[in-house]
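# Descriptive analysis of the structure
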Amino acid sequence: MTRPAVSAAAPIPAVERRLHWLIAIAILAMIPLGIAAEEMAKGPAREFVFSCHKALGLMILILATWRLGVRLSEGFPHPVGRYSLIERILAHAVHGLLLAVTVLAPLTGIARIIGKGQALEVFGLTLLPAGAGNAFALSLARSVHSGPVLVLGLGVLIALHVIGALKHHILDRDATLTRMLGRATA
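Summarised in this report is the structure supplied together with it. (Residues numbered from 1 in each chain as written. Predicted model: local features only at pLDDT ≥ 70, side-chain atom pairs only at ≥ 80, totals over all residues. Heavy atoms only, no water.)

## Overview of the packing of aromatic side chains
The condition that has to hold: Each aromatic pair joins two rings of Phe, Tyr and Trp (for Trp, the six-membered one) with centres within 6.5 Å, and gets the label stacked for planes under 30 degrees apart, edge-to-face for over 60, and tilted for any other angle. Counting from the N terminus, the helices are DSSP H or I runs at least four residues long and the strands are E runs at least two residues long. Under the scheme applied here, a residue whose accessible area is under 20% of the maximum for its type counts as buried, over 50% as exposed, and between as partly exposed, the area being computed with a 1.4 Å probe on protein chains only.
Under the definition given, this model contains one aromatic pair. When the ring of Phe 48 is compared with that of Phe 123, the centres are 5.9 Å apart and the planes differ by 50°; the resulting orientation is tilted. Taken together, the residues span a long stretch of sequence, with Phe 48 in helix H2 (residues 44-74) and Phe 123 in the loop between strand E1 (120-122) and strand E2 (125-128) at a distance of 75 residues. Classification of Phe 123 by relative accessible area gives partly exposed; the value is 47%.

## Topic: the packing of H2 against helix H3 (residues 85-115)
This is how the line gets drawn: For helices, the axis comes from a line fit to the C-alpha atoms of the stretch in contact; other axes are also lines fit to C-alpha atoms, and the angle between any two N-to-C directions lies between 0 and 180 degrees. Comment on the angle field: the value is read as roughly parallel under 35 degrees, roughly antiparallel over 145, roughly perpendicular from 65 to 115, and oblique elsewhere. By convention the crossing between two helices is left-handed if the near helix lies anticlockwise of the far one by an angle smaller than a right angle, and right-handed if it lies clockwise. Residues count as neighbours in contact if any of their non-hydrogen atoms are within 4.5 Å of one another.
Direction vectors running N to C along H2 and H3 enclose 140°, while the axes themselves pass 8 Å from each other. The angle between the axes of H2 and H3 places the two elements in the oblique class. Once H2 is placed against H3, the crossing between them reads as left-handed. Only Leu 99, Thr 102, Val 103, Pro 106, Leu 107, Ile 110 and Ile 113 of H3 make contact with H2, whose side of the interface consists of Lys 54, Gly 57, Leu 58, Ile 60, Leu 61, Ala 64, Thr 65, Arg 67, Leu 68 and Arg 71.

## Quick look at the pattern of salt bridges
Between side chains of opposite charge, a pair can form when the charged atoms approach closely. Quick note on the threshold: Salt bridge, as applied in this entry: a Lys or Arg side-chain nitrogen positioned within 4 Å of an Asp or Glu carboxyl oxygen.
A full pass over the atoms with the stated rule returns four salt bridges. Overlapping salt bridges bring together Glu 87, Lys 167 and Asp 172 as one network.

## A look at the pairing of E2
Along a regular strand, successive side chains alternate from one face of the sheet to the other. Defined as follows: Think of it this way: DSSP has to see at least two bridges between two strands before they count as a pair.
With three bridges connecting them, E1 and E2 associate as antiparallel partners. Its bridge partner being in E2, Glu 121 is matched across the sheet by Thr 126. Connecting the antiparallel pair E1 and E2 is a turn made up of two residues, with Phe 123 showing a positive phi of about 50°.

In structure tokens, the structure reads:
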């Protein structure tokens, strides 16, 4: 879906730009936190790192859900140039999958906690109480949240997104990247 009323030359609205960049920064911080926490010995330092990871995950879930709502109601911004059908399909696929993963990753992290029967706590604040747990849900959530499809898939999607932005900026010399930085392209 593409926005009907927004000019291709207009900058992306500030709220959408901020959502994009906040989510991007949070993901780039969250990945090493999750990896570090998995490698750390049990103790207060590990719990603090996991709390940071969970807090970022919840923030990403909220922001990504908001961003998904914007995309569903407003559509994607108009492209600033003319692109082949394959480029348009690839761009929409990468953007759509990135949106899906930014919602799916935190949800599977929450499902892991629930599957273990633990309370969802962030910095000592209980957001969901402990429950009975579920071995199947835990196994499924663990395989998705920490599994190669999500982990490698996210890496590939981020790489394709960055490569696409650089292609627009360097090869196509269009205003896709500058528009995402908030500068008008007229």
